[in-house]
Amino acid sequence: MKKILIANRGEIALRVMRTAKDMGISTVAVFSEADRNAPFVRYADEAVCIGPAPSNQSYLLGEKLIEVAKELNVDGIHPGYGFLSENAGFTRKVTDAGITFIGPSPEAMEVMGSKLAAKAAVKSYNIPMVPGTDEAITDVEAAKKLATEIGFPILIKASAGGGGKGMRIVEREEDFVEQMALAVNEAVSSFGDGAVFIEKYVGSPRHIEIQVMADTHGNIVHLFERECSVQRRHQKVVEEAPSAVLTPEIREAMGKSAVDVARACNYVGAGTVEFLLDENKNYYFLEMNTRLQVEHPVTEMITGVDLVREQINVARGEKLSFSQEDLKIHGHAMEVRVYAEDAANNFLPDIGHLSTYRRPTGPGIRVDDGFEEGMDIPIYYDPMISKLITHGATREEAMDRMVRACEDYLISGVKTTLPFGKFVMQHEAFRSGNFDTHFVSKHFSPEALDRNDEAEALIAAIIGTSLVDDKKKASITTNASSTKQSNWRRNR
Ligand code: MV4
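Residues numbered from 1 in each chain as written. Predicted model: local features only at pLDDT ≥ 70, side-chain atom pairs only at ≥ 80, totals over all residues. Heavy atoms only, no water.

A.B. asks: Sorry if this is basic, but what is going on with the pattern of salt bridges here?
C.D. replies: Oppositely charged side chains are able to pair whenever their charged atoms sit close together. A complete count under the given rule lists 39 salt bridges for this structure. With a closest N to O distance of 3.3 Å, R42 and E372 form a salt bridge. Of this pair, R42 sits in helix 2 (residues 39-43) while E372 sits in the loop between strand 18 (365-369) and strand 19 (384-392), and the two are 330 residues apart along the sequence. A residue is classified by how much of its surface remains accessible, and R42, at 55% relative accessible area, is exposed. Among the ionic pairs, D175 bridges to R172, the shortest N-O distance being 3.0 Å. (Salt bridge = Lys/Arg side-chain N within 4 Å of Asp/Glu carboxyl O. Helix = DSSP H or I, 4+ residues; strand = E, 2+ residues; numbered from the N terminus. Buried < 20%, exposed > 50% of the residue type's maximum accessible area, 1.4 Å probe, protein only.)

A.B. asks: Is there a simple way to explain helix 11 (residues 307-315) in this structure?
C.D. replies: An α-helix turns once per 3.6 residues; consequently, residues spaced three or four apart project the same way. Buried residues dominate helix 11, accounting for seven of its nine residues. What helix 11 keeps buried is the set L307, V308, E310, Q311, I312, N313 and V314. Here helix 11 starts with a cap whose side-chain oxygen sits 3.0 Å from the backbone nitrogen of V308, and that cap is D306. Just downstream of helix 11, G317 is the residue with a positive phi angle, here 90°. (Polar contact = N/O pair within 3.5 Å; in protein donor to acceptor, adjacent residues only side chain to side chain.)

A.B. asks: Is there a simple way to think about the site of the ligand in this case?
C.D. replies: Neighbouring the ligand are 18 residues; K157, E199, K200, V202 and E287 lie closest to it. A distance of 2.8 Å separates a nitrogen atom of the ligand from a polar atom in the backbone of K200. Residue E274 places a side-chain N or O atom 3.1 Å away from a nitrogen atom belonging to the ligand. Alone, the ligand offers 530 Å² of accessible surface; in the complex the protein occludes 92% of this. Elements with a contribution of two residues or more to the shell around the ligand: strand 6 (154-162), strand 8 (196-200), strand 12 (269-277) and strand 13 (283-289). (Near = heavy atom within 4 Å. Areas by Shrake-Rupley, 256 points an atom, 1.4 Å probe, with all protein chains shown as cover.)

A.B. asks: Looking at this structure, how should I read the side chain of R366?
C.D. replies: Position of R366 relative to the elements: it lies in strand 18. The class for R366 is buried, based on a relative accessible area of 17%. Side chain to side chain, R366 and D368 meet in a polar contact 2.9 Å long.

A.B. asks: Explanation requested: the sheet that holds strand 18 in the structure shown.
C.D. replies: Whether parallel or antiparallel, the strands of a sheet pair through hydrogen bonds between backbone atoms. Sheet architecture is open: eight strands sit in the order 13-12-9-10-11-14-19-18, paired in antiparallel fashion. The sheet is open, and its two edges are formed by strand 13 and strand 18, each paired on a single side. With strand direction ignored, the average angle separating the axes of adjacent strands in the sheet is 25°. The pairing of strand 9 (residues 206-214) with strand 10 (residues 220-232) spans six bridges and is antiparallel. Note on strand 10: the bridge partner recorded for I210 is E225. Contacts from helix 9 (residues 248-264) reach strand 9, strand 10, strand 12 and strand 13 within the one sheet, and its direction differs from that of strand 10 by about 105°. Contacting strand 9, strand 10 and strand 12, helix 11 crosses the sheet at an angle of about 40° to strand 9. (Pairing = 2+ DSSP bridges. Axes fitted to C-alpha atoms, helices over the stretch in contact; angles between N-to-C directions. Contact = heavy atoms within 4.5 Å.)

A.B. asks: Hey, could you run me through the state of the cysteines in this one?
C.D. replies: Simply put, the disulfide is a covalent bond whose two ends are the sulfur atoms of two cysteines. Per the stated rule, a full pass over the model turns up zero disulfides. The closest cysteine sulfur to the non-disulfide-bonded C228 is located on C406, 17 Å from its own sulfur. (Disulfide = S-S within 2.5 Å.)

A.B. asks: I'm lost on the packing of aromatic side chains in this one. Help?
C.D. replies: If you walk through the whole model with that rule in mind, you get 16 aromatic pairs. A centroid spacing of 5.6 Å and a plane angle of 75° characterise the contact between Y59 and Y381, whose relative ring orientation is edge-to-face. With Y59 in the loop between strand 3 (46-51) and helix 3 (62-71) and Y381 in the loop between strand 18 and strand 19, this residue pair connects regions lying 322 residues apart in the sequence. Judged by its relative accessible area of 1%, Y59 falls in the buried class. Using a relative accessible area of 9% as the deciding quantity, one classes Y381 as buried. Joined through ring pairs, the aromatic side chains of Y59, F83, Y380 and Y381 make up one cluster. The ring of Y43 carries K21 above its face, with NZ or CZ at 4.4 Å from the centroid. It is R206 that lies over the ring of F435; its NZ or CZ is 4.6 Å from the centre. (Phe/Tyr/Trp six-rings, centres within 6.5 Å; stacked < 30°, edge-to-face > 60°. Lys NZ or Arg CZ within 6 Å of the ring centre and 35° of its normal.)

A.B. asks: Would you explain the sheet that holds strand 6 in this entry?
C.D. replies: Ordered in space as 7-6-8, the three strands form an open sheet in which the pairing is antiparallel. A strand with exactly one partner marks an edge of an open sheet, and here the two such strands are strand 7 (165-170) and strand 8. Pairwise comparison of adjacent strand axes, ignoring direction, gives a mean angle of 25° for this sheet. Set on the sheet, helix 8 (residues 176-191) makes contact with strand 6, strand 7 and strand 8; between it and strand 7 the angle comes to about 175°.

A.B. asks: Looking at this structure, how should I read helix 1 (residues 10-22)?
C.D. replies: With 13 residues, helix 1 should reach 18 Å at 1.5 Å per residue; the first-to-last C-alpha distance of 19 Å fits that figure. Taken as a whole, helix 1 has its buried residues at G10, E11, I12, A13, L14, R15, V16, M17, T19 and A20. Count one or two residues on from helix 1 and you reach G24, which has phi positive near 75°. (Expected span 1.5 Å × (residues − 1).)

A.B. asks: How should I be thinking about the environment of S159 in this particular structure?
C.D. replies: Here S159 lies in strand 6. Measuring from C-alpha to C-alpha, the distance between S159 and A118 comes to 9.4 Å, with 41 residues separating the pair along the chain. When sequence neighbours within four positions are dropped, the list of residues in contact with S159 reads G113, S114, K115, L116, A195, V196 and F197.

A.B. asks: Honestly, the confidence of the model for the chain in this entry has me stumped. Any pointers?
C.D. replies: When pLDDT drops low, the exact placement of atoms in the prediction is not to be read closely. Within the chain, residue pLDDT values average 93, and 93% of them lie at 70 or more. Between the elements of the chain, mean pLDDT differs from a low of 43, seen in helix 17 (residues 470-475), to a high of 99, seen in strand 4 (residues 76-78). In this model residues 466-492 is a low-confidence stretch, pLDDT under 50, and it forms 61 contacts with partners more than four residues away in sequence or in other chains. (pLDDT = per-residue confidence, 0-100.)

A.B. asks: Would you explain the packing of helix 4 (residues 88-96) against helix 5 (residues 106-113) in this entry?
C.D. replies: Two measures define how a pair of helices packs: the angle their axes make with one another and the distance between the axes. Where helix 4 contacts helix 5, the two axes come as close as 9 Å, and the packing angle between them is 175°. Our classification of the angle between helix 4 and helix 5 gives roughly antiparallel. Contacts from A88, T91 and R92 of helix 4 reach helix 5 at P106, E107, M109 and E110. For the contact of helix 4 with helix 5, the per-class residue count stands at three nonpolar, one polar and three charged. (Parallel < 35°, antiparallel > 145°, perpendicular 65-115°, else oblique. Nonpolar A, V, L, I, M, F, W, Y, C, P; charged D, E, K, R; others polar.)

Right, here's the structure in full:
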């Protein structure tokens, strides 16, 4: 493989190109008119404009991307995440054009794209699953009887759903029939597939996922877990590796289960197997994501593995460069997703001009981003500005570094989720490791953000530093959602 095209934009396009460059592989960027001046376009060896800003006229035009790839004699296509990355039809077309798709087979994507097909595929392996039905519900009365046996509340899920879409909690038996009808209608209108099933509702779960990697020689390994429970409306905001609560025994069992899920669909490449962990530390397989995930860097930080390099190697037909026994957990890593959103105002997107943009640096800090100072954040795509990742010898050190990194990251012109990230890193529930998927709704409010700021200001006042340089304070808001926060750290 001498030349790859990256069918994506922003931070992940840059991330992939950097590894390609390390490997002596040349890169082709495809970009929309809105991204003409983006760093990933300049970083690529060649770049081709593929259309107007809206994704359905640019990044989602699979055939156009393949045309460009053929014209430029590209050997492989890396899809990144989102856009066409889990589109089996695109994968087939790439392969049919004689180009290597850097990812799993379309068959594996199809199986894992359907929750019921996924359950069926793993059936012969001994993988823990939430009690429920493993086939589409056709007889509502029979399903109701089963729901009553399982015990309410139960969850109705759409087979074609995912990432929280197409789920409905049913609290009481008397609501079951009505909720079922609504769920089927919703599944038909949202996914064009009315297949739904039921599961026992796990009330306070943790979301823990396992990174897997497989080659074409039958080797499948796991690269431990990522804890992704800190999320807001199914949008992850903070991720870490390893989890603060897994014992070595549970970790090993979950890792084995994840490898089995990958084996069940003949998986090749990097994938992620999602589990729920209940209060008693029972784990249940939920679904598999057949792509490189946003939060993959925390796994890279604790394992020392470059996941993109391995993806490219296995796509070339090479063996994985390591075995399960070679893998060890080194320290702890945290990731905060920096979105152009105002956490103090219901996480409203805040697009605009990056008038100040300075990355934090220093020991244990990694920033994966796709922007530079002076750029505008386009309205057409995901509002993620960057991923801020820290690594430390211990969880404490990784958290402390994240607090510092959130403070040292200077962004003005748009509101960001950096103050929120810092809030999480300083919160007692997060620091103790005792939290679940309800962390944000349980502990976060805009007032809590203000209280966090005020507590810091108080500390500053006690130490005896004055609040100086009001001009600077007004123009640079980094970790402060308002300008209430002391600037003493920056003005030392
Ligand atoms: C569940 C659940 C409780 N019980 N399944 C949401 C995303 C999708 N991947 C599965 N999800 C859930 N499935 C049962 N049987 C709770 C969730 C859930 C959730 C899972 C992971 C992370 C955040 C979540 C937020 C709300 C609900």
